[in-house]
Amino acid sequence: MLIYSQPLELTKFLAAIDNFLHSNFAPGWAIVVEGILVGAMILVMYALIALVMIYIERKIAAFFQARLGPNRVGKYGIFQSLADMIKILIKEVIHIKKADKFLFFVAPFFVIVSSVLAFGELPFGINLHALDFNIGVFYLLSVSSLGIIGILLAGWSSNNKYSMIGAMRSGAQFISYELSAGFALMTIVVLSGSMQFSEIIEGQRYCWNLFNGHLPALIAFIIYLISGHAETNRGPFDLPEAESELTAGYHTEYSGLQFGFFYLSEYLNMFIVAAVAATLFLGGWMPIQIKGWEAFNQVMWYIPSWVWFIGKAGILMFISLWVRWSFPRLRIDLLLNLEWKYLLPINLVNMLVMVMIVLSGFTLTDLFPALFGN
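Structural notes on empty space enclosed by the protein
With the rule as written, the count across this model stands at 1 cavity of 30 Å³ or more. Each pocket or cavity is described by its volume, and for the largest cavity that value is around 430 Å³. Along the walls of the largest cavity sit 29 residues, with S144, F174, E231, T232 and N269 positioned nearest its centre. Those elements that place two or more of their residues in the lining of the largest cavity are α4 (101-119), α5 (136-144), α6 (147-157), α7 (161-192), α10 (214-231) and α12 (256-281). Here the lining of the largest cavity gets 7 residues from one element, more than from any other, and that element is α12.

Okay, here's the thing in structure tokens:
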């Protein structure tokens, strides 16, 4: 029998907080306080992960370009991202004279709220998720789509032609690749038979969906990584922010904390894409388990579940950065052709093949229940 409550897991700590609140507050107030604590923790993790990712990307970019990267502020430059955050917080917010002030101010909040809502759905470990809806995948696709509203508002309200062009490019790119990302995730939903993240992870105890779904799962995995990379406006899909053409794209006119919102959300969206891929394709926080190897399985459980999750997501983020610093920027026509003429048709056929595989019972868990069954 597998034991979840290992020393480095946080289940006992979370249970102790829950017991303390319910023993000292009325049930309604205990739930309110828990909600506030969860919201505060999500915001803290949001900021910390963004700072860590900014530092890691700078170091990885330096590695690919044969240079050192940040190496002055703190040992190995580890406090460089913190210094940049403080600089953004204290920087003056420049008011644009002919901008639509209300929409210009509201736009960054659409982007940041969209990524925070998606961030809250991620299962970081055993009982480490703020939300666990039975329509979790659908919820994630819905809230993550709100960010494009902020980008379009930012480009239009800036009263700047370069910002508007960047926003239009971003809208076309995001809406196009959102289709492929959604269909790739639906392919795994068909395989798993559930949209709830906890059930999808539990279904991958002995075999990840990447292998359990045969070739269609591998194709969906590759398409999702490409589509997710394009949705985050990362190179070679960074046309909306093409510095040589549009200065900074849709956020050209933003400064100070308002620019910081766009900056943070871009990095967190990259983490969210990697985390969702790790959850649906690579077992999420579930450690490597082999049916019948109880001693091996128990040793794997001594590694905390959140370490497995961060490790899997980290590998996918490294691949994303590798792609960014290895390929040149695509032209807008080639970028849209890739989606509408190749990825989307392949995705639709791939999902149909997955439906036939599931109906025929051809998955590994059905073919070899003694080895891969739950």
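Examining the environment of F309
Summarising the element assignment, F309 is placed in helix α14 (residues 305-324). Taking the C-alpha atoms as reference points, F309 and L225, 84 residues apart in sequence, are found 17 Å from one another. Each residue touching F309, except ones within four places of it in the same chain, is listed here: P123, F124, F271, A275, T279, G284 and W285.

Describing the packing of aromatic side chains
Summed over the entire model, instances satisfying the criterion amount to 23 aromatic pairs. Ring centres of W285 and W301 lie 6.4 Å apart, and the angle between their planes is 55°; on these two criteria the pair is classed as tilted. Here W301 lies in helix α13 (residues 294-301) and W285 lies in the loop between α12 and α13, a separation of 16 residues in the sequence. Just as W285 is buried, W301 falls in that class too. Among the aromatic residues, those joined into a cluster by ring pairs are Y46, F119, F124, F271 and F309. One residue, K75, lies across the ring of Y76, its end atom 5.0 Å from the ring centre. Geometry around Y267 places R234 over its ring, the cationic atom sitting 5.0 Å from the centre.

Some words on the layout of surface pockets
Considered as a void within the structure, the largest pocket measures approximately 840 Å³ in volume. Examining the composition of the lining of the largest pocket, we find that 6 residues originate from one element, helix α2 (residues 27-64), more than from any other. When its volume is computed, the second largest pocket comes out at roughly 500 Å³. Lining the second largest pocket are 25 residues, and of these D84, I88, F259, G260 and Y263 lie nearest its centre. The set of elements that each furnish at least two residues to the lining of the second largest pocket consists of α2, α3 (80-90) and α12. The greatest single-element share of the lining of the second largest pocket, amounting to 7 residues, is contributed by α12. Broken down by class, the residue content of the lining of the second largest pocket amounts to 16 nonpolar, 4 polar and 5 charged.

What counts, and where the lines are drawn
Residues numbered from 1 in each chain as written. Predicted model: local features only at pLDDT ≥ 70, side-chain atom pairs only at ≥ 80, totals over all residues. Heavy atoms only, no water. 1 Å grid on protein atoms, 1.4 Å probe; cavity = no way out; pocket = protein on both sides within 12 Å on 5 of 7 lines; lining within 4 Å. Points joined across faces, edges and corners; volume = space filled by probe spheres on them. Helix = DSSP H or I, 4+ residues; strand = E, 2+ residues; numbered from the N terminus. Contact = heavy atoms within 4.5 Å. Phe/Tyr/Trp six-rings, centres within 6.5 Å; stacked < 30°, edge-to-face > 60°. Buried < 20%, exposed > 50% of the residue type's maximum accessible area, 1.4 Å probe, protein only. Lys NZ or Arg CZ within 6 Å of the ring centre and 35° of its normal. Nonpolar A, V, L, I, M, F, W, Y, C, P; charged D, E, K, R; others polar.

Bear in mind that shape data such as this cannot, by itself, settle questions of function.
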